[in-house]
Amino acid sequence: MELLFFFLVFLLAMLYSSVGHGGASGYLALMALFSFSPVFMRPSALVLNIFVSSIAFFSYYRNSHFRFSLLLPFIVTSVPFAFIGGMITVNPKMYNILLGIFLLIAIARMIYTPGAQAGEIKQINKPLAYIIGILLGFLSGLIGIGGGIILSPIIILMKWGTQKQTAAVSAAFILVNSVSGLTGQISNGIKVAPEIGYMLAAAIAGGFIGSYMGSFRITEKSLKYALSMVLTFASFKLLFF
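Cut-offs applied
Residues numbered from 1 in each chain as written. Predicted model: local features only at pLDDT ≥ 70, side-chain atom pairs only at ≥ 80, totals over all residues. Heavy atoms only, no water. Core = buried A, V, L, I, M, F, W, Y, C linked by side-chain atoms within 4.5 Å. Buried < 20%, exposed > 50% of the residue type's maximum accessible area, 1.4 Å probe, protein only. Contact = heavy atoms within 4.5 Å. Helix = DSSP H or I, 4+ residues; strand = E, 2+ residues; numbered from the N terminus. Polar contact = N/O pair within 3.5 Å; in protein donor to acceptor, adjacent residues only side chain to side chain. Phe/Tyr/Trp six-rings, centres within 6.5 Å; stacked < 30°, edge-to-face > 60°.

A. The nonpolar core, seen in detail. Ranked by size, the top nonpolar core spans 63 residues in total, and within it Tyr27, Leu28, Met31 and Phe74 carry the most contacts. When neighbours within four sequence positions are excluded, Leu28 is seen to be in contact with Met41, Arg42, Ala45, Tyr95, Leu99, Ile143, Gly144 and Ile145.

Here it is as structure tokens:
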């Protein structure tokens, strides 16, 4: 079962990094399915997020897809609120409920992927971006996610950036929020999963491969549906068991 768990971590990192994400929602779902303690889940997911999103960001940055002007309005508010969220100690039962609800949102996001929007790229609405940053930043620290899985469709649907720019900005957004959220948790003392070394090795390997996947569309689509099933089972386990 441990080998299966590490293999699934590898697959998740490969899928998420291919679209500029760190994979926290997937790692949290896996840890829930494999009955990890909530004490380990938040910090462990953020540690994995930091490494995988760094790999994804470097890949997109190297290919000149990163726009700092698009990232800045979000992280101005998200970083401090991720720290605040990380400082909050959540009751295990309440944490399971919050995570279960978030995973349902992640499932919808995984199934529905907005395509490239026709028309000219629009100027970002900064006041709206500040509000989005507050909400996603707080969730990042509180639950142990990076927020990119929600930020990406917002940027695309609002026509604030191209798909490649969105992936690059999402990777950077996840990275800084994960660092901030983890720092907030450290202030209260944290415990990562004993298996974190093996989890990191699997996630980093998947992250490198996913970042260079290119156009394996069929494989990516199949992985998305498989991941949706994993998230569904994990969500129901957290909410009803």
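B. Geometry of the side chain of Ser17. Along the chain, Ser17 falls in helix α1 (residues 2-18). At 2.7 Å, the side chain of Ser17 and the backbone oxygen of Ala13 are in polar contact. Engagement of the side chain of Ser17 in a polar contact is seen with the backbone oxygen of Met14, the distance being 3.3 Å. Setting aside its immediate chain neighbours within four residues, Ser17 contacts Val52, Ala56, Tyr60, Gly206, Gly207, Gly210 and Ser211.

C. Geometry of the packing of aromatic side chains. Applying the stated criterion across every chain yields a total of 11 aromatic pairs. Judged by centre distance (5.7 Å) and plane angle (65°), the rings of Phe5 and Phe6 are edge-to-face. Grouping residues by exposure puts Phe5 and Phe6 together as buried. When the centroid spacing of 6.1 Å and the interplanar angle of 45° are considered together, the rings of Phe74 and Trp160 count as tilted. Highlighted residues: Phe74 in helix α4 (residues 68-87) and Trp160 in the loop between α7 (148-157) and α8 (163-186), separated in sequence by 86 residues. The class for Phe74 is buried, based on a relative accessible area of 0%. A relative accessible area of 2% places Trp160 in the buried class. A connected cluster of aromatic rings, assembled from ring pairs, spans Phe5, Phe6, Phe34, Phe36 and Tyr198.

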